[in-house]
Amino acid sequence: MSKPGVRLVAALFLILLAVADVAATHALLTSRFPGANDFYSRWAGARAFWTQGLSPYSDEASAQIEIGIYGRRARPDEDPGPFAYPFYTVFLLAPLAFVPYEWAEAIWLTVLQFALLGGVIGSMRLIGWRPRPALLATTALWAILFYPSTRAILLGQFAVLIFACAVAMLLALRARRDLLAGAFLALTTIKPQMVFLLVPLVALWAAAGRRWRVLAGAGATLALLAGLSFILVPTWLSDFVKPNAALSLLH
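This structure is a prediction, so every number in the text was calculated from the model and none was measured.

Visitor: So what exactly am I meant to see when it comes to a nonpolar patch on the surface here?
Guide: There is a patch of nonpolar side chains on the surface, built from Trp50, Phe98, Leu224, Leu228, Ile231 and Leu232 and spanning about 610 Å² of accessible area. Here the nonpolar patch gets 4 residues from one element, more than from any other, and that element is helix α12 (residues 212-232). Within the secondary structure, leucine 224 is located in helix α12.

Visitor: Would you take a moment to explain the packing of helix α1 (residues 3-30) against helix α5 (residues 101-127) for this structure?
Guide: If you want to describe how two helices pack, look at the angle between their axes and the distance between the axes. The N-to-C vectors of α1 and α5 enclose an angle of 130°; their axes lie 8 Å apart at closest approach. Our classification of the angle between α1 and α5 gives oblique. Judged by the twist between their axes, the crossing of α1 over α5 is right-handed. Along the contact surface, α1 presents Leu14, Leu17, Ala18, Asp21, Val22, Thr25, His26, Leu29 and Thr30, while α5 presents Glu102, Trp103, Glu105, Ala106, Ile107, Leu109, Thr110, Gln113 and Phe114. Looking at the contact of α1 with α5 residue by residue, the class counts come to 10 nonpolar, 5 polar and 3 charged.

Visitor: How should I be thinking about unusual backbone geometry in this particular structure?
Guide: Note: most residues except glycine have negative phi, and most peptide bonds are trans. In the Ramachandran plot, alanine 84 falls in the positive-phi region, its phi being about 55° despite a non-glycine side chain. Position of alanine 84 among the secondary structure elements: in the loop between α3 (59-70) and α4 (89-93). A positive phi angle, near 55°, is found at arginine 210, a position not held by glycine. Structurally, the position occupied by arginine 210 is in the loop between α11 (198-208) and α12. On the accessibility criterion, arginine 210 (64% relative accessible area) is exposed.

Visitor: Honestly, the environment of valine 111 in this entry has me stumped. Any pointers?
Guide: With respect to the element layout, valine 111 can be found in helix α5. Residue valine 111 is classed as partly exposed on the basis of its relative accessible area of 35%. Here the alpha-carbon distance between valine 111 and glutamine 193, two residues 82 residues apart in the chain, equals 21 Å.

Visitor: What should I look at first to understand the side chain of aspartate 178 in this one?
Guide: Tracing the chain through its elements places aspartate 178 in helix α9 (residues 178-187). The buried category is assigned to aspartate 178, whose relative accessible area is 7%. Sequence-distant contacts of aspartate 178, that is, excluding residues within four places in its chain, are made with Leu173, Arg211, Arg213 and Val214.

Visitor: Before we go on, may I ask you to explain the side chain of serine 58 in this structure?
Guide: As for its position among the elements, serine 58 is in the loop between α2 (37-52) and α3. Look at serine 58 and you get buried, because its relative accessible area is 15%. For serine 58, the side chain forms a polar contact with the main-chain nitrogen of alanine 61, separated by 3.2 Å.

Visitor: Is there a simple way to explain the pattern of salt bridges in this structure?
Guide: Pairs can form between side chains of opposite charge once their charged atoms are near each other. All chains considered together, the criterion is met by 5 salt bridges. One salt bridge in this structure joins arginine 75 and glutamate 78, with 3.1 Å as the shortest N-O distance. With a relative accessible area of 16%, glutamate 78 lands in the buried category. A salt bridge links arginine 211 to aspartate 178, with the nearest nitrogen and oxygen atoms 2.7 Å apart. Separated by 33 residues along the polypeptide, arginine 211 in the loop between α11 and α12 and aspartate 178 in helix α9 bring together distant segments of the chain. Residue classification places arginine 211 among the buried positions, given a relative accessible area of 9%. Among the charged side chains, a network of salt bridges with common partners joins Arg72, Arg75, Asp77 and Glu78.

Criteria and cut-off values
Residues numbered from 1 in each chain as written. Predicted model: local features only at pLDDT ≥ 70, side-chain atom pairs only at ≥ 80, totals over all residues. Heavy atoms only, no water. Patch = residues over 30% accessible without salt bridge, like charges linked within 9 Å, V, L, I, M, F, W, Y side chains within 5 Å. Areas by Shrake-Rupley, 256 points an atom, 1.4 Å probe, with all protein chains shown as cover. Salt bridge = Lys/Arg side-chain N within 4 Å of Asp/Glu carboxyl O. Helix = DSSP H or I, 4+ residues; strand = E, 2+ residues; numbered from the N terminus. Axes fitted to C-alpha atoms, helices over the stretch in contact; angles between N-to-C directions. Parallel < 35°, antiparallel > 145°, perpendicular 65-115°, else oblique. Left-handed = near helix turned anticlockwise from the far one by under 90°. Contact = heavy atoms within 4.5 Å. Nonpolar A, V, L, I, M, F, W, Y, C, P; charged D, E, K, R; others polar. Buried < 20%, exposed > 50% of the residue type's maximum accessible area, 1.4 Å probe, protein only. Polar contact = N/O pair within 3.5 Å; in protein donor to acceptor, adjacent residues only side chain to side chain.

Any link to function would need more than the numbers given here.
Structure (structure tokens):
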């Protein structure tokens, strides 16, 4: 079979595997035990925007998030779980904003599983490690079942996706696909507390090496994301950095 044929078969297999994973996750977990509060806060904020036209930072959206998590408004000693992410996160979550949460959660947990495995395999490529199939399968299983990874997936944490984007950025840099690398770098800012050192470091490295297309790719992607955000919610940046949102970034 030719290489394009092999790639097509592999792509179809991965799609079928993802569909089966979503169905199993829904049947065994999310339809019975809804959770992933880290994801819920972002999903509910995005849903409030796409279905009701509310700013995800608004008091109305925050109330919906709290009631969705606790069944009531949060008490002063409880984390209210506000949206607390850059507004352009709603673009990423738009496809999931129109489906019931139990399905949105199942899809998101599956995305995180594949992102984690993709990041691990990408890391292997970065260091030139090509393990035998049995060791590769064992490493992939360990990556999923390792407690911090499992907990991150079950909570629906965006950190897993940012990890995958950072690895993809490094792979693109190595392949000298600098515009793509810059775009992936920009996407990591969805969770800025993870990359507040990485972004300036890569920018300085790119400037020192005259890899201007990296900066162009990152700048163009951020300009597009932030520009659309300002058009839709002009106050999003000030809303994002208000004290309660800033404190929630630590969670």
